[in-house]
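Given next are the chains, with one letter for each unit.
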Number of protein chains: 2
Amino acid sequence: MATIKDVAEYSGVSVATVSRAVNNSGYVHEDTRKKIDAAIKALNYRPNETARSLYNKKSKIIGLLLPDISNPFFTLVARGVEDAALQRGYHIIIGNSDQNVEKESRYIETFKVNNCAGFISSTLQMIDASQYISNLGMAHVTLDRTDDTSFAVEADHYKGGRLQATHLVEQGCRRLLVVYGNQKFSSFKKRFEGARDALGEFDVEFDAVELASDEIDESLMTQLADYDGLICYNDLVAIQLLGLLQRYGQRVPDDIQVVGYDDILISSHTYPSLTTIHQPAYRLGRIACDQLIALLNDEKIDRYMSIDVHLIARESTRSEKHE
Amino acid sequence: MATIKDVAEYSGVSVATVSRAVNNSGYVHEDTRKKIDAAIKALNYRPNETARSLYNKKSKIIGLLLPDISNPFFTLVARGVEDAALQRGYHIIIGNSDQNVEKESRYIETFKVNNCAGFISSTLQMIDASQYISNLGMAHVTLDRTDDTSFAVEADHYKGGRLQATHLVEQGCRRLLVVYGNQKFSSFKKRFEGARDALGEFDVEFDAVELASDEIDESLMTQLADYDGLICYNDLVAIQLLGLLQRYGQRVPDDIQVVGYDDILISSHTYPSLTTIHQPAYRLGRIACDQLIALLNDEKIDRYMSIDVHLIARESTRSEKHE
DNA sequence: GTGAAAGCGCTAACAT
DNA sequence: ATGTTAGCGCTTTCAC
């Protein structure tokens, strides 16, 4: 691979001039610029980013720390981040924390020692996370799962929860089960609170149960039979429940209605298709990335951004008009 | 962030000695090692990987070029690669090519200028790809979508195709539709060939049609009604078709049986759950990564590895025993 | 066993 | 407008 020195020799100027030409910094005569461009093309020169980032103490790489990329929601977030990054000349390195504090800090360390410009995370479980990060001196934006101290971008989960509940009540449900996720995550917590508050206002009876996606099996059926509506904290769980219910002869939405959360791609393809809350995962990723880059450029950004969500009515609830 | 120089001063030795201690290269007295370890701990020193990779001309980062991480299959592959990499002290930077030649080469270039140790790809559409890569002097392993010139790891798609066809015929199908994917990808090509050959041997009638996942809508129903079995080139398509069929009153598996390919997570949760070919996506990723790292360590590896696949019988076909 | 010094490829003073 | 040079943090000869 050709280096800047090769280009300098080939075009008969110094490396400083080449550097100036490449970076459009400082003066460089039109004629010499032409010579340099020719040399670059002839030698197929590309600046070595490692050397650049060693000097600058910042690379053009953004870290992205996700709980688990196997979840289609985060996969879309990642695409959003990547596309936004690419547009501005950055690249991303992805890490899965698996909700594991040790992996988390290992990744943050990795980002640091690789001179990442900053990172986006949606999973900080570390205590004193923001303290730790600011010590590291890295730019940081929090996504979807928020704490109160960092820059944050998230969907309006409280509203999402309210929408789930409201829709089901409007479609006639009177005996609901709210299936909620791990409450230590702000996103799940707010969804639950939204649903709970709305249900309270409607004065509709409901039970609530925490359910991890790997805990779903036939043993649930006895409970499920009691309800005429299910509010699920994400689509993955909703789809599993949908399968389970049908396998045991329950008709959806006639016997029981189901609403999910996320609007992952598959949710519109199942039968019945899933009524759900659409969160703009891709857009969330883009925005978080744009925010981070703004931060890197010392632009002022909002400390907190809330992104709107809306309900998409499909076949798993009784609403007339489907999309 | 503390540098090697800080550690050297703190422990009263030279940077060279610290470097030797950190890397376990060359001699360093037990006592001085102790002092250095203490200094490292006190200063919370971590070697700057950028500086290392500038010197070594190789970073501890592996590039991973995927067609689209939104596809759950590739998502699992990525997890496999990541986990394997992590175990050996590497990290990954992921790029989505979106089947786009330009993005492809941009990413490969990115890998190069960031001193990536090597990369894994499952999507090279560039002409002369292997030529181009070997010019770059990067280690490279091809995954799932193979050409003949690189090191390659892939599942046995021909067998997978045969299994799909054989199963459907055994379950009584006599009029099949093979829904196949873009034949320029070896993986889809081999699946189709396997199914076609098996069907030929059984002397069973079939039609074949190429179908992208965004081309699926009601207009297909007139065609679909003619068949008693559907062989799909992946689960995503199979699930969409499953939904479509049911929405139009076809009973699966009574009227028509469906078999998918990939065994993504969701396939066991739909109703009816999907009979499919299990490809070990995670393991594929791990193996590809292990191969690449072996390559980097100048170990001898097989030029081509074929990984076994098997059929998982579920509710979308008539087999008695489900998993 | 340890240290001095060169150099990986680049950028940014500073001098000219 | 261009060149010289120091230095980013590290590893590795090569002396001692």
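Residues numbered from 1 in each chain as written. Chains lettered and ligands numbered in written order. Predicted model: local features only at pLDDT ≥ 70, side-chain atom pairs only at ≥ 80, totals over all residues. Heavy atoms only, no water.

As annotated in an unreviewed UniProt entry, chain A carries the name LacI family transcriptional regulator and is attributed to Macrococcus bovicus.

**Student:** Please explain the domain arrangement of chain A as it appears in this structure.
**Tutor:** It is common to report an interface's size as the accessible area lost on association of the parts. For chain A, the domain assignment lists domain 1 (4-56), domain 2 (61-154 + 281-307) and domain 3 (157-280). Distance from the C-alpha centre of domain 1 of chain A to the C-alpha centre of domain 3 of chain A: 59 Å. (Domains from an automatic or database assignment.)

**Student:** Looking at this model, I keep getting lost on the protein's contact with DNA strand C. Mind explaining?
**Tutor:** Close to DNA strand C lie 24 residues; A:Ile4, A:Tyr55, B:Thr17, B:His29 and B:Thr32 are nearest. Residue assignment for the surface near DNA strand C shows that the elements contributing at least two residues are helix H2 (15-23) and helix H4 (49-56) of chain A together with helix H2 (15-23) and helix H4 (49-56) of chain B. When grouped by side-chain class, the residues that make up the surface near DNA strand C number 12 nonpolar, 8 polar and 4 charged. (Near = heavy atom within 4 Å. Helix = DSSP H or I, 4+ residues; strand = E, 2+ residues; numbered from the N terminus. Nonpolar A, V, L, I, M, F, W, Y, C, P; charged D, E, K, R; others polar.)

**Student:** Where do I start with the pattern of salt bridges in this structure?
**Tutor:** One side chain can pair with another of opposite charge once the charged atoms of both are near each other. Under the definition given, this model contains 40 salt bridges over all chains. The partner of A:Glu49 in a salt bridge is A:Arg52, with the nearest N and O atoms 3.1 Å apart. Taken together, the residues A:Glu49 and A:Arg52, both in helix H4 and 3 residues apart, mark about one turn of the helix. Its relative accessible area of 28% is what places A:Arg52 among the partly exposed residues. Among the salt bridges present, the one from A:Lys190 reaches A:Glu154, with a minimum N-O distance of 2.6 Å. Placement of the pair is A:Lys190 in helix H9 (residues 186-202) and A:Glu154 in strand E5 (residues 151-155), with a sequence separation of 36 residues. Given a relative accessible area of 1%, A:Glu154 falls into the buried group. Salt bridges linked by common partners bring A:Asp68, A:Asp98, A:Lys103, B:Arg79, B:Glu82 and B:Asp83 together as one network. (Salt bridge = Lys/Arg side-chain N within 4 Å of Asp/Glu carboxyl O. Buried < 20%, exposed > 50% of the residue type's maximum accessible area, 1.4 Å probe, protein only.)

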